Amino acid sequence: MNLRPPAPAVPLLLALALLGAGCSGGVEGTPGAAGLRDPYFPGLGNGGYDVTHYGLELDVDPAANRLRGTATITARATQDLSAFHLDLAGLDVEGATVEGRRASVNRAGKELTIRPGAAVEDRLRKGRTFTTVVRYSGSPQALTDADGGKEGWLRTADGSVALGEPSGSMAWFPGNHHPSDKAAYDIEVTVPEGLAAVSNGELASRSTTGGRTAYRWRTTEPMASYLATVAVGRFTTQESVTPDGIRLFTAVDPESAAASKDVLAEIPAVLKWSAQKFGPYPFTSAGAIVERKGDSTYALETQNRPVFPGPPDTGLLVHELAHQWFGNSVTPATWRDLWLNEGFATYAEWLWAADHDDVPVQESFEEAYEDDANWAFPPADPPGAADLFAAPVYARGAMVVHRIRLAMDDDAAFFALVKGWTKAHRHGNASTADFTAYVEEETGQDLTGLWDAWLYGESRPPKEG
């Protein structure tokens, strides 16, 4: 995400206190947790299972802002379950099944509690895979973040766009909406003929019947739910393949097309340059979605296909494409680790400026160092959810990366370190502790002083030292 101007934790359903192992008429086991105790969003996500695949079927009426959906969620139990939770905001649940059998659904705010019957008890044993189907409908809404930003389902001039960071994806489908639970996706979106529906991954098929068109998108690589998107509107689309075999799909609002053309033409070059710096591109497809100005207030690195609020410049394109490595492939373990996304993406901008605009990285570092806004708090420890997308997470995060490079004093070794990091955690999750341990192991250096001063320090350290 580029710098921009959580859903609050919700209480547990009181009735869950009565659910325990061996309850009569239900599954042996215990309920999965209603939240994963994220440092900033303790109620976000759910315990007791790991989602492996989402199959989403969405029927969208943009004029009425109505959505009818069916979510088929395949998951593996990580404990013996008697009940489990899904995150969903605002929409009405019409019913649910587990393994084809009707399940009871209770709701408290943004928490759904699914309690299957005893007939599917064996499928909810630890290590077993089970399938849940939830039918829902309603008017999807935008959610307001702690920092005042809007996410979720945003209405646009000619349709809508779904932006999920950090918790907005619960506004349009039920799931385990914490970045630590990544899954593959099949997303089918049916819209009025004449409109397009663009999502992540690759377009598997498109068909029109009775004045409505169904677009079927497939993402086989793991994806955190905050990176899922659906954009509905009148788009000019273009498909191609890079020399490296990456499938490109761009969708541009006609009002933004002329001003976006030259920058979007740079995508293959930016991907090639990024691969030289960070390692092989981690996905099979790439591209962009460009809305018109005012449809949203920020860009987001939605997987494979970043969303831009109007024509981007090259620096913003570089930033969001760098996120395909940092954030999308190597995804933060918790939201406290967000600086690993934004610090590296900002550093990618500095590297591009050095290679293409004759602005040395050290000059970018010094400019960031002199900006008081970057010293409001440590990048690895934002004070609260409202600070997650503030300046220190971005520019001071990039300064941490540059201090590592200076400490190594060997550019070849530094970029080998970066490539090794993206390889070691490809399509997985990683924490700040994982990163600092990795850097020290690979460099053979004790970098406690660097971490204390630049990553966790409350005050501005000396620039030289």
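Read on for an overview of the structure.

Parameters at a glance
- Residues numbered from 1 in each chain as written.
- Predicted model: local features only at pLDDT ≥ 70, side-chain atom pairs only at ≥ 80, totals over all residues.
- Heavy atoms only, no water.
- Helix = DSSP H or I, 4+ residues; strand = E, 2+ residues; numbered from the N terminus.
- Buried < 20%, exposed > 50% of the residue type's maximum accessible area, 1.4 Å probe, protein only.
- Lys, Arg positive; Asp, Glu negative; His and termini not counted.
- Salt bridge = Lys/Arg side-chain N within 4 Å of Asp/Glu carboxyl O.
- Polar contact = N/O pair within 3.5 Å; in protein donor to acceptor, adjacent residues only side chain to side chain.
- Pairing = 2+ DSSP bridges.
- Axes fitted to C-alpha atoms, helices over the stretch in contact; angles between N-to-C directions.
- Parallel < 35°, antiparallel > 145°, perpendicular 65-115°, else oblique.
- Left-handed = near helix turned anticlockwise from the far one by under 90°.
- Contact = heavy atoms within 4.5 Å.
- Nonpolar A, V, L, I, M, F, W, Y, C, P; charged D, E, K, R; others polar.
- 1 Å grid on protein atoms, 1.4 Å probe; cavity = no way out; pocket = protein on both sides within 12 Å on 5 of 7 lines; lining within 4 Å.
- Points joined across faces, edges and corners; volume = space filled by probe spheres on them.
- Phe/Tyr/Trp six-rings, centres within 6.5 Å; stacked < 30°, edge-to-face > 60°.
- Lys NZ or Arg CZ within 6 Å of the ring centre and 35° of its normal.
- Core = buried A, V, L, I, M, F, W, Y, C linked by side-chain atoms within 4.5 Å.

### Remarks on unusual backbone geometry
Here's step 1: A cis amide bond links Glu165 to the next residue, Pro166, at an omega of 5°.
Here's step 2: Phi is positive for Asp358, close to 60°, though the residue is something other than glycine.
Here's step 3: Relative to the assigned elements, Asp358 resides in the loop between α4 (339–356) and α5 (361–370).
Here's step 4: For Asp358, a relative accessible area of 71% corresponds to the exposed category.

### With respect to the side chain of Arg403
Here's step 1: Inspection of the secondary structure puts Arg403 in helix α6 (residues 391–408).
Here's step 2: Glu464 is the oppositely charged side chain nearest to the buried, salt-bridge-free Arg403, at an N-O distance of 5.6 Å.
Here's step 3: A distance of 2.8 Å separates a polar atom in the side chain of Arg403 from the backbone oxygen of Lys463.

### Concerning the sheet that holds strand β7 (residues 111–115)
Here's step 1: Across the sheet, which stays open at both edges, the eleven strands sit in the order β1-β4-β7-β6-β5-β8-β3-β2-β12-β15-β14 with mixed pairing between neighbours. The open sheet is flanked by β1 (30–31) and β14 (202–209), the only strands paired with a single partner.
Here's step 2: Inspection of the sheet shows β14 paired to strand β15 (residues 212–223) by seven bridges, in the antiparallel sense. Each bridged residue has a counterpart across the sheet, and for Ser205 the counterpart in β15 is Arg216.

### A look at the packing of α6 against helix α9 (residues 448–455)
Here's step 1: Their axes nearest at 10 Å, the elements α6 and α9 cross at an angle of 155°. In terms of their interaxial angle, α6 and α9 are classed as roughly antiparallel. Read as a crossing pair, α6 and α9 show a hand that is right-handed. Counting all contacts with α6, which are made through Arg396, Met399, Val400, Arg403, Ile404 and Ala407, the residues of α9 involved are Leu450, Trp451, Ala453, Trp454 and Leu455.
Here's step 2: Grouping the constituent residues of the contact of α6 with α9 by class yields nine nonpolar, no polar and two charged.

### Remarks on the layout of surface pockets
Here's step 1: In this model, the largest pocket occupies a volume close to 330 Å³.
Here's step 2: Forming the boundary of the largest pocket are 14 residues, of which Gln238, Thr250, Lys261, Leu264 and Ala265 lie nearest the centre.
Here's step 3: The set of elements that each furnish at least two residues to the lining of the largest pocket consists of β17 (236–241), β18 (247–252), α1 (254–264) and α2 (267–278).
Here's step 4: Residue composition of the lining of the largest pocket, grouped by class: seven nonpolar, six polar and one charged.
Here's step 5: There is about 260 Å³ of room inside the second largest pocket.
Here's step 6: Split into classes, the residues belonging to the lining of the second largest pocket amount to seven nonpolar, three polar and three charged.

### Focus on the sheet that holds β17
Here's step 1: Taken together, the four strands give an open sheet; going across it, the order is β17-β18-β19-β20, and neighbouring strands pair in mixed fashion. A strand with exactly one partner marks an edge of an open sheet, and here the two such strands are β17 and β20 (307–309). Adjacent strand axes in the sheet meet at a mean angle of 15° when their direction is disregarded.
Here's step 2: With six bridges connecting them, β17 and β18 associate as antiparallel partners. Across the sheet, the residue bridging to Val241 is Arg247, located in β18.

### Let's talk about the packing of aromatic side chains
Here's step 1: Under the criterion given, the structure shown has 29 aromatic pairs.
Here's step 2: Residues Phe84 and Phe130 carry aromatic rings whose centres are separated by 5.3 Å and whose planes lie at 55° to one another, so their mutual orientation is tilted. Separated by 46 residues along the polypeptide, Phe84 in strand β4 (residues 81–87) and Phe130 in strand β8 (residues 129–138) bring together distant segments of the chain.
Here's step 3: Of the residues examined, Phe84 reaches a relative accessible area of 1% and is grouped as buried.
Here's step 4: Ring centres 5.0 Å apart and planes at 75° place the aromatic pair Phe414 and Phe415 in the edge-to-face group.
Here's step 5: Residue Phe415 is classed as buried on the basis of its relative accessible area of 14%.
Here's step 6: Against the face of Phe415 rests Lys277, its NZ or CZ located 5.0 Å from the ring centre.
Here's step 7: Directly above the ring of Tyr369 sits Arg460, whose terminal nitrogen or CZ lies 5.7 Å from the centroid.

### Notes on the nonpolar core
Here's step 1: Core analysis: the largest hydrophobic core is formed by 136 residues, its most contacted members being Leu58 and Trp172.
Here's step 2: With sequence-adjacent residues up to four places away left out, Trp172 is seen in contact with Leu56, Leu58, Leu67, Leu91, Tyr136, Trp153, Ala162, Ile187, Ala228, Thr229 and Val230.

### Quick look at the pairing of β18
Here's step 1: Counted residue by residue, β18 has five buried out of six residues, so it is predominantly covered.
Here's step 2: Taken together, β17 and the strand that follows it, β18, pair antiparallel across an intervening segment of five residues, in which Gly245 is found at a positive phi of about 90°.
Here's step 3: Judged from the six bridges that link them, β18 and strand β19 (residues 285–291) form a sheet pairing that is parallel. The partner of Phe249 across the bridge, within β19, is Gly287.

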